[in-house]
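Structural features, examined
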Amino acid sequence: WGCHRTVYLRSGIGRDLQNLSAALATRELRVVDPAEPGVTQFSLLKELDVRIRDVAMGPDGNIYVLTEGAGGGQVLKITPNA
């Protein structure tokens, strides 16, 4: 499914955002279940219509997403609910 990288985030970020996968081809950030490889629980950021190049958790506990689009790339910061 054109994924660049899957990141398994540390616990405490919230159950729904523990396993994120950057999907280049489908232009979305996927929340996946490692027990079911290839199965997407739900998608995020698809409405932006940009390629999701990478995803990582910063030392501050926020999620950072690197995008690529017609107007250039961006780094998006997602602050999870506590």
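All of the points below concern the structure found in this document. All of these numbers come straight from a predicted model, not from anything done at the bench. (Residues numbered from 1 in each chain as written. Predicted model: local features only at pLDDT ≥ 70, side-chain atom pairs only at ≥ 80, totals over all residues. Heavy atoms only, no water.)

**A short note on the side chain of Asn62**
Topologically, Asn62 is positioned in the loop between strand S5 (51–57) and strand S6 (63–69). A polar contact of 3.0 Å, which involves the side chain of Asn62, links it to the side chain of Asp60. There is a polar contact of 3.1 Å between the side chain of Asn62 and the side chain of Thr79. Once residues lying within four places of it in the same chain are set aside, the contact partners of Asn62 are Ala56, Met57, Lys77, Ile78, Thr79 and Pro80. (Helix = DSSP H or I, 4+ residues; strand = E, 2+ residues; numbered from the N terminus. Polar contact = N/O pair within 3.5 Å; in protein donor to acceptor, adjacent residues only side chain to side chain. Contact = heavy atoms within 4.5 Å.)

**Observations concerning the pairing of strand S3 (residues 28–32)**
Across the 5 residues of S3, 5 count as buried, placing the element largely inside the fold. Side-chain alternation along S3 places Glu28, Arg30 and Val32 on one buried face and Leu29 and Val31 on a second face that is also buried. Both strand S2 (residues 19–23) and S3 contribute to a ladder of 4 bridges, which runs antiparallel. Among the inter-strand pairings, Ala23 is bridged to a residue of S3, identified as Glu28. The hairpin formed by S2 and S3 contains 4 residues between the paired strands, and Arg27 there has a positive phi angle of roughly 55 degrees. (Buried < 20%, exposed > 50% of the residue type's maximum accessible area, 1.4 Å probe, protein only. Pairing = 2+ DSSP bridges.)

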